[in-house]
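The residues making up each chain are set out below.
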Amino acid sequence: HASGWPLLIVGDRDGAPMVLVPGDTFKMGSDDGQAAEKPAHSVRLSSYYIDQHEVTNRQFRLFLGEAHYHGQPPGKWLTDDKARAESESLPVVMVNAHDAMAFAAWAAKQLPTEAQWEMAARSSDNRQYPWGNQPIKGSRPRDLLAIEPKLSFADDVSQCGAFDMAGNAKEWTRDWYDS
């Protein structure tokens with residue numbers, strides 16, 4: 001990047017690629033959206049890195065094995081045979097905020113703030129979707145009840161190179177919701 005920061009780095013513990021989100025000011029929220037998104041306001045962020053894709057079952061299993069983590073309370077991923085048998089390339093699901101924070105600490109990372117997540121998704125040019133301002137045309141429809149393997153929707157990529165920001169698995173941020 002022009003700033004001298006690498007565009008892509010790899011996490012030491014989990015081996016996951018992380019993409020650079022260059023520092024800038026962007027409009028967070030929406031004046032046209034749901035009440036919780038209002039009002040739109042300017043936010044200035046410094047440069048940071050965010051995972052290129054959701055945490056996968058492979059990454060989470062590596063964490064469980066190395067950290068001997070058991071959950072707070074124990075998650076479905078420890079007690080459900082079907083959840084433990086899911087493909088390594090699928091995003092891990094059924095984790096709570098404590099699980100997500102424990103994984104991030106183990107990986108020597110942080111959960112993004114809500115502002116960091118939104119800037120990685122929308123970019124500083126205030127696009128409506130990660131890929132731009134128009135719905136994707138020609139892409140296969142996304143089944144809202146299915147979890148797809150990471151990087152399954154090549155069109156669902158933000159300007160910084162983060163995938164699946166417009167759907168797939170729900171993602172945790174460091175902020176707690178407060179109306």
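Given the structure is predicted, the values throughout are model-derived calculations rather than measurements.

Chemist: Looking at this model, I keep getting lost on the nonpolar core. Mind explaining?
Modeler: Across soluble globular proteins, you tend to see nonpolar side chains buried next to one another. Counting residues in hydrophobic clusters, the biggest one holds 15 residues, and the most contacted among them are V21, F26, L45, Y48, I50 and A120. Mapped onto this core, the elements with two or more residues apiece are strand 2 (17–21), strand 3 (24–28), strand 4 (41–45), strand 5 (48–51) and helix 5 (114–122). Counting residues per element, this core draws most heavily on helix 5, at 4 residues.

Chemist: Would you mind going over unusual backbone geometry with me for this structure?
Modeler: The phi torsion of most residues other than glycine is negative, and most of the peptide bonds are trans. Residue K38 is joined to P39 through a cis peptide bond whose omega torsion reads -10 degrees. Here H68, not a glycine, exhibits a phi torsion of approximately 55 degrees, which is positive. Of note, H68 is situated in the loop between helix 1 (57–67) and helix 2 (76–79). Phi at N126 is positive, roughly 60 degrees, even though this residue is not glycine. As for its placement among the helices and strands, N126 is situated in the segment after helix 5.

Chemist: How should I be thinking about the side chain of D156 in this particular structure?
Modeler: In this structure, D156 sits in the segment after helix 5. A distance of 3.3 Å separates the side chain of D156 from the backbone nitrogen of A166, its partner in a polar contact. Sequence-distant contacts of D156, defined by excluding residues within four places in its chain, comprise P130, W131, I136, R142, A162, F163, D164, M165, A166 and G167.

Chemist: In this structure, what is going on with helix 4 (residues 97–106)? I would like to understand it.
Modeler: A turn of α-helix holds 3.6 residues, and therefore any two residues three or four places apart point the same way. With 7 of 10 residues buried, helix 4 is to be regarded as a mostly interior element. Among all positions of helix 4, only A97, D99, A100, A102, F103, A104 and W106 are buried. For helix 4, the N-terminal capping position is held by N96, with its side-chain oxygen 2.9 Å away from the main-chain nitrogen of H98. Just downstream of helix 4 lies A108, where phi reads positive at about 60 degrees.

Chemist: Is there a simple way to think about empty space enclosed by the protein in this case?
Modeler: Summed over the entire model, instances satisfying the criterion amount to 1 cavity of 30 Å³ or more. Of the volumes computed, that of the largest cavity is approximately 40 Å³. What lines the largest cavity is simply A97, M101, L111, W172, T173, R174, D175 and W176. Taken together, the residues of the lining of the largest cavity sort by class into 5 nonpolar, 1 polar and 2 charged.

Analysis parameters
Residues numbered from 1 in each chain as written. Predicted model: local features only at pLDDT ≥ 70, side-chain atom pairs only at ≥ 80, totals over all residues. Heavy atoms only, no water. Core = buried A, V, L, I, M, F, W, Y, C linked by side-chain atoms within 4.5 Å. Buried < 20%, exposed > 50% of the residue type's maximum accessible area, 1.4 Å probe, protein only. Helix = DSSP H or I, 4+ residues; strand = E, 2+ residues; numbered from the N terminus. Polar contact = N/O pair within 3.5 Å; in protein donor to acceptor, adjacent residues only side chain to side chain. Contact = heavy atoms within 4.5 Å. 1 Å grid on protein atoms, 1.4 Å probe; cavity = no way out; pocket = protein on both sides within 12 Å on 5 of 7 lines; lining within 4 Å. Points joined across faces, edges and corners; volume = space filled by probe spheres on them. Nonpolar A, V, L, I, M, F, W, Y, C, P; charged D, E, K, R; others polar.

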